[in-house]
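Residue strings, one per chain:
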Amino acid sequence: KRFYARLIAQDNFVSGEALDAKIVSNRSNLIYRDGATLKTLKFAPATQRQKAESVIYSNLKELNKAAALKGVLRDPITGNIGTLDSENLFEVLEKIAGSDKETTLFVVAESDTYTEGPLKIILQVKE
């Protein structure tokens, strides 16, 4: 069995001051398996890069919400659920914008994702 622990500060504090905090521990569950396709998007031939970027970002926001509902914990500082390599994103945008055929984008879990996260994803394009 797998567990996670989080240290939760009760109040804001300044470096050097005593910290009033509690430790929360819960069971961690497997939410997404490595290689699972989380979302599939279709793009028309010669889709403009800005349009593709907008569609991808809005779908990633939806995926964040869906992952939170399934039980993946948000990063307590940023509120984000997942991570995406920016180089992967830029390569995908170039492929979509440069294609004269319909392209399909697959959002795939890059590794097993447990309750404590993060959800690491990779984008894959097929024509």
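Quick note: structure is the one above.
What counts as what
- Residues numbered from 1 in each chain as written.
- Predicted model: local features only at pLDDT ≥ 70, side-chain atom pairs only at ≥ 80, totals over all residues.
- Heavy atoms only, no water.
- Helix = DSSP H or I, 4+ residues; strand = E, 2+ residues; numbered from the N terminus.
- Expected span 1.5 Å × (residues − 1).
- Buried < 20%, exposed > 50% of the residue type's maximum accessible area, 1.4 Å probe, protein only.
- Arc of directions from axis to C-beta.
- Contact = heavy atoms within 4.5 Å.
- Pairing = 2+ DSSP bridges.
- Axes fitted to C-alpha atoms, helices over the stretch in contact; angles between N-to-C directions.

> Report on helix 2 (residues 86-98), specifying residues and quantitative values.
Here helix 2 is 13 residues long and its end C-alpha atoms lie 18 Å apart, about the 18 Å a rise of 1.5 Å per residue gives. Turning to helix 2, its buried residues are Asn-88, Leu-89, Val-92, Leu-93 and Ile-96. In a view along the axis of helix 2, the buried residues occupy a sector of 135°, so they form one face of it. Residues of helix 2 that are exposed and point over 90 degrees away from its buried face: Glu-87, Lys-95 and Gly-98. Lining the buried residues of helix 2 we find strand 4 (37-43), helix 1 (49-70), strand 5 (82-84), strand 6 (103-109) and strand 8 (119-126).

> Give a detailed account of the sheet that holds strand 6, specifying residues and quantitative values.
Spatial ordering of the open sheet is given by 4-6-8-5, a layout of 4 strands whose pairing is mixed. Each edge of the open sheet carries a strand with a single partner, namely strand 4 and strand 5. Recorded for the sheet is a direction-independent mean angle of 25° between the axes of neighbouring strands. In terms of strand pairing, strand 4 meets strand 6 through 6 bridges, oriented antiparallel. Among the inter-strand pairings, Phe-43 is bridged to a residue of strand 6, identified as Thr-103. The sheet contacts of helix 1 involve strand 4, strand 5, strand 6 and strand 8, and relative to strand 4 the element is tilted by about 160°. Here helix 2 sits on the sheet in contact with strand 4, strand 5, strand 6 and strand 8, set at roughly 20° to strand 8.

> Please provide a residue-by-residue account of unusual backbone geometry, values included.
Glycine aside, residues mostly have negative phi, and peptide bonds are mostly found in the trans state. Going from Gly-117 to Pro-118, the amide bond is cis rather than trans, its omega being -5°. Take Pro-118: it is sitting in the loop between strand 7 (113-114) and strand 8.

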